[in-house]
Amino acid sequence: MADDHDPYNDPEIRYGSYVVGSFPKEFGFVGDAEENLAGVEDNNLPRILLMGLRRSGKSSIQKVVFHKMAPNETLFLESTNKIVKDDLSGSSFVKFQIWDFPGQIDYFDTQFDADVIFGNCGALIFVIDSQVNPDIKFEVFIHKVDGLSDDHKIEVQRDIHQRATGDLEDASLESIHLSFYLTSIYDHSIFEAFSKVVQKLICHLGTLENLLNIFNSNSGIEKSFLFDVCSKIYIATDSSPVDMITYELCCDMLDVVIDISCIYGLQEDREGSVYDQRSTSIIQLNNSTVLYLREVNRFIALVAILRENSYEKRGLIDYNFHCLRKALQQVLELDKRNHLNSNDSFASAGENANDRTENSVIA
């Protein structure tokens, strides 16, 4: 996308550390709830609300997925006692915020403004527990399943699904659709689950999928992903089914590229970004498989899997990738304009509301 400044020299972009881009902002509910929520509704970014019972692993999910914390280190996290807002608009392809809610808060208390909390919610993720709002996509993370056998996982998911849908039917809320995910921070299941949730916030997901299908068919690619570099969430993939082993391979390749770039990719003055327009990597495995990584923009990487005989046409693949990148940038530019228009409409509506309020007061 066209931009007046060089995004690769942005000093806020850092990889290999817990914080990438903008820093989290905390909103504590120690005093007046309205005072603590003041200002958080000013932007029009979609929110993902992370809720669930106390000690269910919500903060661990957030730290592992978005702040590169090692799963073992989450054992030392203190219990969340206030709402924590993590703004990812400066470090992620998809512009959104994560709000981590403590389990002990009563959201239906009269001191909390439901419109402020749920007003711009794009998705609501519950770790086991759930709240009812027909306008929100409900995502249920059945978490900490790493110690369960495959049969036990299926049994637990079936039991939770039956109980949840039964409760909804009893409350005459059959129109609410629940999506269930078996997750753990000790494997890539949590990254795949978050990928599915975030993809629901992308307006042009179908277009991205079609572009990847065309790229694959003309380049001999077996599977391709568009990754958000800082979180390893895949924002789009082609129409073929996602195999967990394939996804893990691509995630590991992304980690290798970023880690090596952190060591050898910085300039002598240690400035600049370790991931830029020159970032590329080819890894050949011992099973005749080739992993192919190319930079799309400072947030996104294409990771593809192909066979060695297809990789012999490297020139054709590179040419097709440049065509793909150009098309992706056009889609991203369109998405950017739509987001700006949405913000303008949001601001205009707010000004009109203020004008009506002032006129009514004067009258």
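To be clear, the structure that these remarks concern was listed above.
Below you will find a few notes about this structure. This structure is a prediction, so every number in the text was calculated from the model and none was measured.

## Regarding the packing of aromatic side chains
Following the criterion strictly, the structure yields 7 aromatic pairs and no others. Taking 5.6 Å as the distance between ring centres and 80° as the angle between the ring planes, the aromatic pair formed by phenylalanine 141 and tyrosine 181 counts as edge-to-face. On the criterion of sequence distance, the pair formed by phenylalanine 141 in strand β6 (residues 138-142) and tyrosine 181 in strand β7 (residues 178-182) is long-range, its members being 40 residues apart. Residue classification places phenylalanine 141 among the buried positions, given a relative accessible area of 0%. For tyrosine 181, a relative accessible area of 14% gives the class buried. Geometrically, the ring pair formed by tyrosine 234 and tyrosine 247 is edge-to-face, given 5.2 Å between the ring centres and 65° between the ring planes. You can see tyrosine 234 sitting in strand β9 (residues 233-237) and its partner tyrosine 247 sitting in helix α7 (residues 244-264), a full 13 residues away along the chain.

## Description of the sheet that holds strand β12 (residues 300-307)
Note: strands within a sheet are paired through backbone hydrogen bonds, in either parallel or antiparallel orientation. Read from one edge of the open sheet, 5 strands run β9-β8-β12-β11-β10, paired in antiparallel fashion. The open sheet has two free edges, formed respectively by β9 and β10 (280-284), since each of these has just one partner strand. Within this sheet the neighbouring strands show an average axis-to-axis angle of 20°, counted without direction. Relative to β12, strand β8 (residues 221-228) runs antiparallel, the two sharing 7 bridges. Residue leucine 226 lies in a different strand from β12, and its bridge partner there is leucine 302.

## Overview of helix α6 (residues 205-219)
For α6, with 15 residues, the first-to-last C-alpha span of 21 Å sits near the 21 Å given by 1.5 Å per residue. If you check which residues of α6 are buried, you get Leu208, Leu211, Leu212, Phe215, Asn216 and Ser219. The buried residues of α6 occupy one face: seen down the axis, they fall within an arc of 135°. The outward face of α6, more than 90 degrees from its buried face, is lined by the exposed residues Ile214 and Ser217. One or two positions beyond α6, positive phi appears at glycine 220, with a value near 75°.

## Remarks on the environment of glutamine 277
Along the chain, the position of glutamine 277 falls in the loop between α7 and β10. Exposure remark for glutamine 277: the relative accessible area of 46% places this residue in the partly exposed category. Between the C-alpha atoms of glutamine 277 and glutamate 295, which are 18 residues apart in sequence, the distance is 5.9 Å.

## Here's the deal with a nonpolar patch on the surface
The grouping of Val256, Ile260, Ile263 and Tyr264 at the surface amounts to a nonpolar patch, some 440 Å² of accessible area in total. Take isoleucine 263: its relative accessible area is 54%, and that puts it in the exposed class.

## Notes on the nonpolar core
Among the nonpolar cores identified, the biggest contains 39 residues, and Ile48, Val65, Phe66, Phe96, Phe141, Phe194 and Phe227 are the most heavily contacted of them. Here this core gets 7 residues from one element, more than from any other, and that element is α7. If near-sequence neighbours (up to four positions away) are discounted, valine 65 is found in contact with Ile190, Phe191, Phe194, Cys230, Ser231 and Ile233. Ranked by size, the runner-up nonpolar core spans 25 residues in total, among them Leu211, Ile235, Leu328 and Leu332.

## A closer look at the pairing of strand β3 (residues 83-87)
Counting buried residues along β3, 5 of its 5 residues qualify, which places the element largely inside the surrounding structure. Neither face of β3 is exposed, since Ile83, Lys85 and Asp87 on one face and Val84 and Asp86 on the opposite face are all buried. Relative to strand β4 (residues 97-100), β3 runs antiparallel, the two sharing 4 bridges. Pairing of aspartate 86 across the sheet is with isoleucine 98, part of β4.

## Comments concerning the pattern of salt bridges
For the structure shown, the criterion picks out 9 salt bridges. Lysine 196 is the salt-bridge partner of glutamate 192, the closest N and O atoms lying 4.0 Å from each other. Here glutamate 192 pairs with lysine 196, and both are found in helix α5 (residues 189-199), just 4 residues apart, close to one helical turn. Classification of glutamate 192 by relative accessible area gives buried; the value is 15%. Across the pair aspartate 255 and lysine 232 runs a salt bridge whose closest N-O atoms are separated by 2.9 Å.

## Remarks on the packing of helix α2 (residues 58-67) against α5
In the contact formed by α2 and α5, the axes pass within 10 Å of each other and the chain directions differ by 85°. By the angle between their directions, the pair α2 and α5 is classed as roughly perpendicular. Counted together, Ile61, Val64, Val65 and Phe66 of α2 and Ile190, Phe191 and Phe194 of α5 form the full contact between these two elements. Per-class residue counts for the contact of α2 with α5 are 7 nonpolar, no polar and no charged.

What counts, and at which threshold
- Residues numbered from 1 in each chain as written.
- Predicted model: local features only at pLDDT ≥ 70, side-chain atom pairs only at ≥ 80, totals over all residues.
- Heavy atoms only, no water.
- Phe/Tyr/Trp six-rings, centres within 6.5 Å; stacked < 30°, edge-to-face > 60°.
- Helix = DSSP H or I, 4+ residues; strand = E, 2+ residues; numbered from the N terminus.
- Buried < 20%, exposed > 50% of the residue type's maximum accessible area, 1.4 Å probe, protein only.
- Pairing = 2+ DSSP bridges.
- Axes fitted to C-alpha atoms, helices over the stretch in contact; angles between N-to-C directions.
- Expected span 1.5 Å × (residues − 1).
- Arc of directions from axis to C-beta.
- Patch = residues over 30% accessible without salt bridge, like charges linked within 9 Å, V, L, I, M, F, W, Y side chains within 5 Å.
- Areas by Shrake-Rupley, 256 points an atom, 1.4 Å probe, with all protein chains shown as cover.
- Salt bridge = Lys/Arg side-chain N within 4 Å of Asp/Glu carboxyl O.
- Core = buried A, V, L, I, M, F, W, Y, C linked by side-chain atoms within 4.5 Å.
- Contact = heavy atoms within 4.5 Å.
- Parallel < 35°, antiparallel > 145°, perpendicular 65-115°, else oblique.
- Nonpolar A, V, L, I, M, F, W, Y, C, P; charged D, E, K, R; others polar.

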